Amino acid sequence: MLLLGPSEDIDKEEDVENPFDKDLGIIGLGPAGLTAALYASRAGLSVVQIGLDYGGQMGLAMEIENYPGYEMISGVDLADKMRTQAEKFGTKIIYGEVSAIEKMEDGKFSIKSDMGDYVVKTLILATGGRHRELGVPGEKEFVGKGVSYCATCDAAFFKEKTVIVVGSGDAAATGTLALADVGAKMIYWISRTDYLKCERIYIERVKKRNNIAILYNKQITEIKGTNTVEEATFNDGSVLKIDGIFAEIGSIPNIELAESLGCEIENGLIKIDDDCKTNVPGVFSAGDVTTKIVNPLMRQITTSVGLGTIAALGAAEYIQGLKTKQY
Ligand SMILES: Cc1cc2nc3c(=O)[nH]c(=O)nc-3n(C[C@H](O)[C@H](O)[C@H](O)COP(=O)(O)OP(=O)(O)OC[C@H]3O[C@@H](n4cnc5c(N)ncnc54)[C@H](O)[C@@H]3O)c2cc1C
């Protein structure tokens, strides 16, 4: 029995007949997907939401200070609040990986996941991004042995150690500060350009720490060590003796499912219109993975939440249209 919100009068008979048959399938458990789930379930849609990591990239943020309504909240806590709210209105949340989605002859979509298969009438792809790799010799060899892609997750292992943080955006900035907070001995914050792209407030905070040095115009060319990371070499020939490297150089959009469905891709992102519709009827998309957020600086929780709202309302309209045969 679903817990219904203000839309208790809306017919959700599919859930009773077949729990694997829903109005809407949302792929992604980040802020875009969780917001879409809240709006769609409140609009009376039966919703299944499938995602691999809880909270998506937001779940990696140790301290969020720019989500309105909270002076400070951790990514995990914010994700937990969003999930609870979506579930309250009936969203079924599944932790699993979606391996394929196919459009069926009747216009519905079949979702194949390692936690079961679902059939849905409409889809929201909120698949966000995954970490970008440095692509240098030694990187793969030392993943988990000094090479990390999440300073906020792994900082605690580097107390009294010397580390490098690579990147110039907000994730690199907050990662650098997280390492300083746990008592890393020395942190070299490396930017490949002569400027930093992060919010100014982070630079002010970094400048107040005496165990952080910002190095500009530097690129790692190789990582070396025996059992764990021991040194990094750079494009200018210099070498730093270190215990760890944090690559915080942005994300790669997860567009593979969209591509396989025939969604148009532009600049490596899922192309959507102002209503978050893709070119494939019945398929909507929201969040970091879309062409609405081309500028990496705008990859934020607030922007994802906004697009999740638009996509959900579009999906609800689509379902209503199916009932009156407008689509
Ligand atoms: C360390 C860090 C700190 C940050 N700090 C802040 C901050 O302080 N403030 C702020 O506003 N923003 C911050 N951001 C950015 C913010 O987290 C992202 O902009 C936001 O999470 C994007 O939301 P999204 O829902 O579009 O995608 P994501 O959060 O990337 O979520 C994507 C979801 O899709 C799922 N997925 C993808 N493919 C599949 C598949 N095949 N099967 C199943 N599931 C799949 C993933 O598992 C995940 O659940 C930070 C990011 C990082 C990495």
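Rules used in this analysis
Residues numbered from 1 in each chain as written. Predicted model: local features only at pLDDT ≥ 70, side-chain atom pairs only at ≥ 80, totals over all residues. Heavy atoms only, no water. Near = heavy atom within 4 Å. Polar contact = N/O pair within 3.5 Å; in protein donor to acceptor, adjacent residues only side chain to side chain. Areas by Shrake-Rupley, 256 points an atom, 1.4 Å probe, with all protein chains shown as cover. Helix = DSSP H or I, 4+ residues; strand = E, 2+ residues; numbered from the N terminus. Nonpolar A, V, L, I, M, F, W, Y, C, P; charged D, E, K, R; others polar. Pairing = 2+ DSSP bridges. Axes fitted to C-alpha atoms, helices over the stretch in contact; angles between N-to-C directions. Domains from an automatic or database assignment. Contact = heavy atoms within 4.5 Å. Buried area = accessible area lost by both parts, 1.4 Å probe. Salt bridge = Lys/Arg side-chain N within 4 Å of Asp/Glu carboxyl O. Parallel < 35°, antiparallel > 145°, perpendicular 65-115°, else oblique. Left-handed = near helix turned anticlockwise from the far one by under 90°.

### Observations concerning the site of the ligand
In the vicinity of the ligand lie 33 residues, with Asp53, Gln57, Val98, Gln300 and Ile301 positioned nearest. In the environment of the ligand, an oxygen atom lies 3.0 Å from a nitrogen or oxygen atom belonging to the backbone of Ala32. Considered on its own, the ligand offers 1000 Å² of accessible surface; in the complex 91% of this is hidden by protein. Secondary structure elements with two or more residues in the shell around the ligand: helix H2 (31-42) and helix H8 (301-323). Tallied by class, residues from the shell around the ligand come to twelve nonpolar, 16 polar and five charged.

### Re the sheet that holds strand S12 (residues 220-225)
Taking strand neighbours across the sheet as the criterion, the three strands line up as S12-S13-S14 in an open arrangement whose pairing is antiparallel. Every interior strand has two partners, whereas the edge strands, S12 and strand S14 (239-241), have only one. Along the sheet, successive strands turn relative to each other by an average axial angle of 20 degrees, direction set aside. Two elements, S12 and strand S13 (residues 229-234), share five bridges in a ladder whose sense is antiparallel. Residue pairing for S13: Ile223 is matched across the bridge by Ala232.

### Quick word on the domain arrangement of the protein chain
Many structure descriptions define interface size as the accessible area lost when the parts assemble. Here the protein chain is described as being made up of domain 1 (13-130 + 251-323) and domain 2 (133-247). At the junction of the two partners, domain 1 supplies seven residues and domain 2 supplies eight residues. Surface buried jointly by domain 1 and domain 2 totals about 630 Å² across both partners, of which 47% is contributed by carbon and sulfur atoms. Our enumeration of links across domain 1 and domain 2 arrives at one salt bridge. In this structure, Glu65 engages Arg205 in a salt bridge whose closest nitrogen and oxygen atoms are separated by 3.1 Å. At the boundary of domain 1 with domain 2, the tally comes to two residue pairs in polar contact (both at pLDDT 80 or more). Residue composition of the side of domain 1 that touches domain 2, by class: four nonpolar, two polar and one charged.

### Looking at the packing of helix H5 (residues 170-181) against helix H6 (residues 200-207)
At a closest axis distance of 10 Å, the pairing of H5 and H6 adopts a crossing angle of 25 degrees. What the angle tells us is that H5 and H6 run roughly parallel. At the point where H5 passes H6, the crossing takes the left-handed sense. Of the residues in H6, those in contact with Asp170, Ala173, Thr174, Thr176 and Leu177 of H5 are Tyr202, Arg205 and Val206. Grouping the constituent residues of the contact of H5 with H6 by class yields four nonpolar, two polar and two charged.

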